[in-house]
Each structure stands twice: as C-alpha cells, then as structure tokens.
Amino acid sequence: VFRSSDVGNVIDSLTGLVSRQHIVGFIQSLVENQVPFALALLDLDNFKFINDTYGHKTGDGVLAGVSGDLERYLGDYAVAGRYGGDEFLIVNFRDTSYDQLKAFFAGLYSDFNVLRKNIDLEDYEPFITGTIGSAVFPRDAQDYATLFTLVDKTLYRGKTKGRNCYIIYVEEKHKN
C-alpha cells in the first residue's frame, strides 16, 4: 500500500526524481522478474567546480534543471532516479540493442536536450556536460550487482577518455 506520506521517501526532494533507495529497489525487482532493460549511470562532469565557483544554490539549480530535462527526454519508456550527489540512474525499457542505445544517448547530448548545454538559472548559465556508462540486463549480466559493476566500469572508462561521452558495455571491448 502506498500512502501520500511515503512520497518524501520515494521522490528526491531536490530533483523530483525517484530516490536512490527506491530506484535501486525497482531495478532489483526488474532483475528478479527477468524484465529486460538497459541501465545507465549519468555523472555530471566537473560538478564540484560548479559548486565551488558559483555556490551550492547554483549547483542545486543545475541538478534540478538537468533532472527536469532528463524526465522530459525519457518520456514514458524510461525512468530516472537520483543515485547520489550529481549521479543519476536511468532505466530504459525501450532501447536495449547497441544501435538503439547509441541513438538514445546521442539524443541526450544533441539538440540541447539534456547535456552539452547551458542551464538557465537566475544568476548564471553554467554549461553542463555529463558522462554515461551503460549495460543491458540480461544480455550483459544476470544479477544486479554484476550489472551495476559493468555500468560503473563503463562510466569510469568514459571519464578516463575525457568525459562528455557515453560508453555502452560491449563484452569484447570492455570485459578486461
């Protein structure tokens, strides 16, 4: 039974996205029920610089702005949650092949949708980029822990490549 008093626990108050506890629980239930999906971890690039340079109010505005843009972009075929700080989990039910994911992520970065754009705030308009790592259940992993490890590994690969990119797990390329 869901009560309105639970909203504070389910929804992250700053971003309006699903909270970490509930997005992780949701992902684990998808795995348990063998529902195919792509999982992505989005990390905003150089977010500490934004907080240190413009202040935490601006940082909060960036998080809220990116979250709203992300929610609009995902439509009704995907869901996003705040994993922590400036990291977001994305669960995509529609795009699970490599080519579909490539088009999905390219869209996040183009046409001023979510990333590679200025966020219009009251006092500043910081330019926002992000790095994404992703993998697909059950193609790439058969349990949550392994899936998350692959997503985290591909995110780290994107960070070491220079940030502002997405990496889709491909076993032949990323296994080792």
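Residues numbered from 1 in each chain as written. Predicted model: local features only at pLDDT ≥ 70, side-chain atom pairs only at ≥ 80, totals over all residues. Heavy atoms only, no water.

Chemist: I keep staring at the sheet that holds strand β2 (residues 78–84) and nothing clicks. Help me out?
Modeler: Hydrogen bonds between backbone groups are what pair the strands of a sheet, and the pairing can be parallel or antiparallel. One open sheet holds the five strands; their spatial order is β2-β3-β1-β6-β7, and the pairing between them is mixed. The two strands at the open ends of the sheet, each matched to only one other strand, are β2 and β7 (166–168). Mean inter-strand twist for the sheet, computed between neighbouring axes without regard to direction, equals 20°. Where strand β1 (residues 37–44) lies against strand β6 (residues 130–137), eight bridges are found, and the strand directions are antiparallel. (Pairing = 2+ DSSP bridges. Helix = DSSP H or I, 4+ residues; strand = E, 2+ residues; numbered from the N terminus. Axes fitted to C-alpha atoms, helices over the stretch in contact; angles between N-to-C directions.)

Chemist: Please explain the nonpolar core as it appears in this structure.
Modeler: Buried together is how nonpolar side chains tend to be arranged in soluble globular proteins. Formed by 31 residues in total, the largest nonpolar core has its most connected members in Leu44, Leu70 and Leu108. Put simply, the parts of the chain that give this core at least two residues each are β1, α3 (47–54), α4 (56–74), β2, β3 (87–92), α5 (98–109) and β6. Residue contributions to this core peak at six residues, all from α4. Setting aside residues up to four positions removed in sequence, Leu70 forms contacts with Leu42, Ala80, Phe88, Ile90, Leu108 and Val114. Judged by nonpolar contacts, the second largest core, of 22 residues, contains Val24, Ile27, Val31 and Tyr83. (Core = buried A, V, L, I, M, F, W, Y, C linked by side-chain atoms within 4.5 Å. Buried < 20%, exposed > 50% of the residue type's maximum accessible area, 1.4 Å probe, protein only. Contact = heavy atoms within 4.5 Å.)

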